[in-house]
Amino acid sequence: MTSQEENELLTHTGPGTPGGDLMRRFWQPVALYDELPTGSAPIPVRLLGQDLVLFRDERGQPGLLGLHCAHRGADLSYGRIEDGGLRCIYHGWLYDVHGRCLEQPGEPAGSTFHERIRQTAYACIEQCGLIFAYLGPGQPPLLPAYEFLSAPKERRFATKYFQECNYLQGNEGNLDQTHFSFLHRRLHYGPEDHGAYVIEDVAPTLEPEETDFGIRVYSVRHLRSGRNHVKISNFLPPNVAAFSGGIRDGYSVHYHVPIDDTHHWKYLLHFSRSAPLGERTGQVFGAELGPDYRLRLTKANRYLQDREEMKAATFSGMGDFFHAQDACVTEGAGTIQDRTGEHVAYSDRAIVVARKILLQAIRDVQAGRDPHYVIRDESENLFPELVARADELSGDVDWHEHWKTVPKHQHVGAPA
Ligand code: FES
Ligand SMILES: [Fe+2]
């Protein structure tokens, strides 16, 4: 059971909170590249309860500063991009991406006051269509060299959507494989349909195991044919999941990034090792997401649940777009789920392990140590055993060993 105190440790991520201190030890996505292409205007962003401005200087270098000008608090997202930085439109103070105040043109000639001013500033890295920021203390760690972060443009797709709830609810949904047999289920599957396995065995065997990179979860469904449907999904603490997502020779990744304690962004990455992804993924998300990265089906319209569809076609009555179904159940648990009232069952085994390692990581930070998953040494920045896949295996194959025998480039993710 999760106590009130543990729930607060896990869910509160604002400045100065233990959970926030943990999240700040990791590079976090702060925007999509598409939100801040070269030459674009600054954008206000909120991350881990902090109001910030993300901009590019004239050289194209991204910078993340406190939103409010160090002078008298004007909103820097209205500022001008010029002269090597971001200039406040109130009195013209100019800041570079490191937060140095380069100019204070309204001060007397010869004043050196600007040398003593520092705007809050955080390091940024661009990778794989995402802009990452490091909000923690000291030297930033390495950006993990996950395979999916190295995919070139034509073999990746990145987007995000807004969630009206605490990040941990989305995070935990990724660790829950049993819900595929209910929430995401269609009522009928044809013989050629990849999704039929979810109704052939609705109570998968679950085996979470701790690894160097986080948690690997085997979820195994015993099929009528005598074969096993084996899915390997992964949790990368503190807020990332990787799992097969219907992508040929690749997989899907979710980052659940707190905006504040009651809202978060779900960043999605799809990547393929060999073939270009094509247009279909973009078209599906284009139809379901608005330009403000809000889902078409929301809490406000009750996710357009259709009771007739529930009788004839889908378990949830919310169409075939899994993300809207996920949003309904994660947001439905409340802005911050009260975990003291839940009844954790066998199907939640992976979630229980994830909470345990997150609490340990929080304690490590409180004790002044790097949490286990922070990487500072290039020689440790390798993830050969991070695989996400789905296979149908004959009943006598040991699924703990099978994936080790398949070269990565032959990995094929079946539909999730
Ligand atoms: S408030 Fe920004 S320069 Fe004065
Ligand atoms: Fe889901």
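Everything numeric in this text was worked out from a predicted model, so none of it was measured. (Residues numbered from 1 in each chain as written. Chains lettered and ligands numbered in written order. Predicted model: local features only at pLDDT ≥ 70, side-chain atom pairs only at ≥ 80, totals over all residues. Heavy atoms only, no water.)

Chemist: I would appreciate a short explanation of the overall build of the protein in the present structure.
Modeler: When you go through the protein residue by residue, the secondary structure sums to nine helices and 18 strands. Taking 22 Å as the expected radius of gyration for a compact globule of 416 residues, we find that the protein reaches 23 Å, a close match to that expectation. For the protein, the spread of C-alpha atoms along the three principal axes comes to 85 × 45 × 45 Å. Entry remark: accessible area of the protein is about 18,600 Å², with carbon and sulfur atoms responsible for 51%. (Helix = DSSP H or I, 4+ residues; strand = E, 2+ residues; numbered from the N terminus. Rg over C-alpha atoms; globule rule 2.2 N^0.38 Å. Areas by Shrake-Rupley, 256 points an atom, 1.4 Å probe, with all protein chains shown as cover.)

Chemist: Where do I start with the sheet that holds strand 8 (residues 101–103) in this structure?
Modeler: What links the strands of a sheet is backbone hydrogen bonding, and the strands pair in either a parallel or an antiparallel sense. Spatial strand order, 5-6-7-8: four strands in an open sheet with antiparallel pairing. The open sheet is flanked by strand 5 (80–82) and strand 8, the only strands paired with a single partner. For strand 6 (residues 85–87) and strand 7 (residues 94–95), the ladder comprises two bridges, and the chain directions are antiparallel. Across the sheet, residue Arg87 finds its bridge partner in strand 7, namely Leu94. (Pairing = 2+ DSSP bridges.)

Chemist: Is there a simple way to explain the domain arrangement of the protein in this structure?
Modeler: Assigned domains within the protein: domain 1 (27–134) and domain 2 (147–410). Put simply, the middle of domain 1 and the middle of domain 2, counted by C-alpha atoms, are 34 Å apart. Taken together, the 16 residues of domain 1 in the interface contact 18 residues of domain 2. Summed over both partners, the interface of domain 1 with domain 2 comes to about 1,400 Å²; 61% of that surface belongs to carbon and sulfur atoms. Three residues, Leu32, Arg46 and Cys128, lead the burial of domain 1 against domain 2; their summed loss comes to 37% of the area buried on that side. The interface formed by domain 1 and domain 2 includes two salt bridges. Glu35 is the salt-bridge partner of Lys160, the closest N and O atoms lying 3.0 Å from each other. Our count for the contact surface shared by domain 1 and domain 2 stands at nine residue pairs in polar contact (both at pLDDT 80 or more). Of all the elements in the fold, those that place two or more residues in the side of domain 1 that touches domain 2 are strand 1 (28–32), strand 2 (43–47) and strand 10 (130–134). For the side of domain 1 that touches domain 2, the element with the most residues is strand 1, which contributes five residues. Tallied by class, residues from the side of domain 1 that touches domain 2 come to nine nonpolar, four polar and three charged. (Domains from an automatic or database assignment. Contact = heavy atoms within 4.5 Å. Buried area = accessible area lost by both parts, 1.4 Å probe. Salt bridge = Lys/Arg side-chain N within 4 Å of Asp/Glu carboxyl O. Polar contact = N/O pair within 3.5 Å; in protein donor to acceptor, adjacent residues only side chain to side chain. Nonpolar A, V, L, I, M, F, W, Y, C, P; charged D, E, K, R; others polar.)

Chemist: Even after reading the chapter, I still don't get a nonpolar patch on the surface, so can you show me in this structure?
Modeler: The grouping of Phe182, Val202 and Phe315 at the surface amounts to a nonpolar patch, some 220 Å² of accessible area in total. You can see Val202 is positioned in the loop between helix 4 (197–200) and strand 12 (205–210). Relative accessible area serves as the criterion here: at 30%, Val202 is assigned to the partly exposed category. (Patch = residues over 30% accessible without salt bridge, like charges linked within 9 Å, V, L, I, M, F, W, Y side chains within 5 Å. Buried < 20%, exposed > 50% of the residue type's maximum accessible area, 1.4 Å probe, protein only.)

Chemist: What is the right way to read the packing of aromatic side chains from this model?
Modeler: Here the distance between the centres and the angle between the planes together describe a pair of aromatic rings. Evaluated as defined, the whole model comprises twelve aromatic pairs. Here Phe162 and Trp265 contribute two aromatic rings whose centre-to-centre distance is 5.6 Å and whose plane-to-plane angle is 65°, an arrangement assigned as edge-to-face. Here Trp265 lies in strand 17 (residues 263–272) and Phe162 lies in strand 11 (residues 156–163), a separation of 103 residues in the sequence. With a centroid separation of 5.4 Å and an interplanar angle of 80°, the aromatic rings of Phe285 and Phe321 are classed as edge-to-face. Here Phe285 is found in helix 5 (residues 280–288), whereas its partner Phe321 is found in the loop between helix 6 (307–312) and helix 7 (322–332), with 36 residues between them in sequence. The buried category is assigned to Phe285, whose relative accessible area is 5%. Through a chain of ring-to-ring contacts, the aromatic side chains of Tyr146, Phe148, Tyr251, Phe271 and Phe383 assemble into a single cluster. Geometry around Phe180 places Lys231 over its ring, the cationic atom sitting 3.8 Å from the centre. Here the basic side chain of Arg294 rests over the ring of Phe162, its NZ or CZ set 3.9 Å away from the ring centre. (Phe/Tyr/Trp six-rings, centres within 6.5 Å; stacked < 30°, edge-to-face > 60°. Lys NZ or Arg CZ within 6 Å of the ring centre and 35° of its normal.)

Chemist: Help me understand the pattern of salt bridges, please; the structure alone is not making it clear to me.
Modeler: Should their charged atoms come close, side chains of opposite charge can pair. Throughout the structure, instances matching the rule amount to 26 salt bridges. Taking the shortest distance from any N to any O, the salt bridge between Glu385 and Arg216 comes out at 4.0 Å. A residue pair is termed long-range when its members are at least 10 positions apart, and Glu385 in the loop between helix 8 (349–366) and strand 18 (389–393) and Arg216 in strand 13 (residues 215–222) qualify at 169 residues. Judged by relative accessible area, Arg216 falls into the buried class, the value being 4%. Beyond isolated ion pairs, a larger network of salt bridges with shared partners links Arg80, Glu82, Asp83, Arg87 and Glu103.

Chemist: What is the right way to read helix 8 from this model?
Modeler: Since the α-helix turns once every 3.6 residues, residues separated by three or four places project in the same direction. For helix 8, which comprises 18 residues, the first-to-last C-alpha distance of 26 Å matches the rise-based estimate of 26 Å (1.5 Å per residue) to within 8%. Taken together, the buried positions of helix 8 are Ala350, Ile351, Val353, Ala354, Arg355, Ile357, Leu358, Leu359, Ala361, Ile362, Asp364 and Val365. (Expected span 1.5 Å × (residues − 1).)

Chemist: Which parts of the structure should I look at to understand helix 1 (residues 4–11)?
Modeler: Inspection of helix 1 places Asn7, Leu9, Leu10 and Thr11 among the buried residues, and these make up the whole buried set. Residues of helix 1 that are buried in the fold lie against helix 2 (18–23), helix 3 (167–174) and helix 8.

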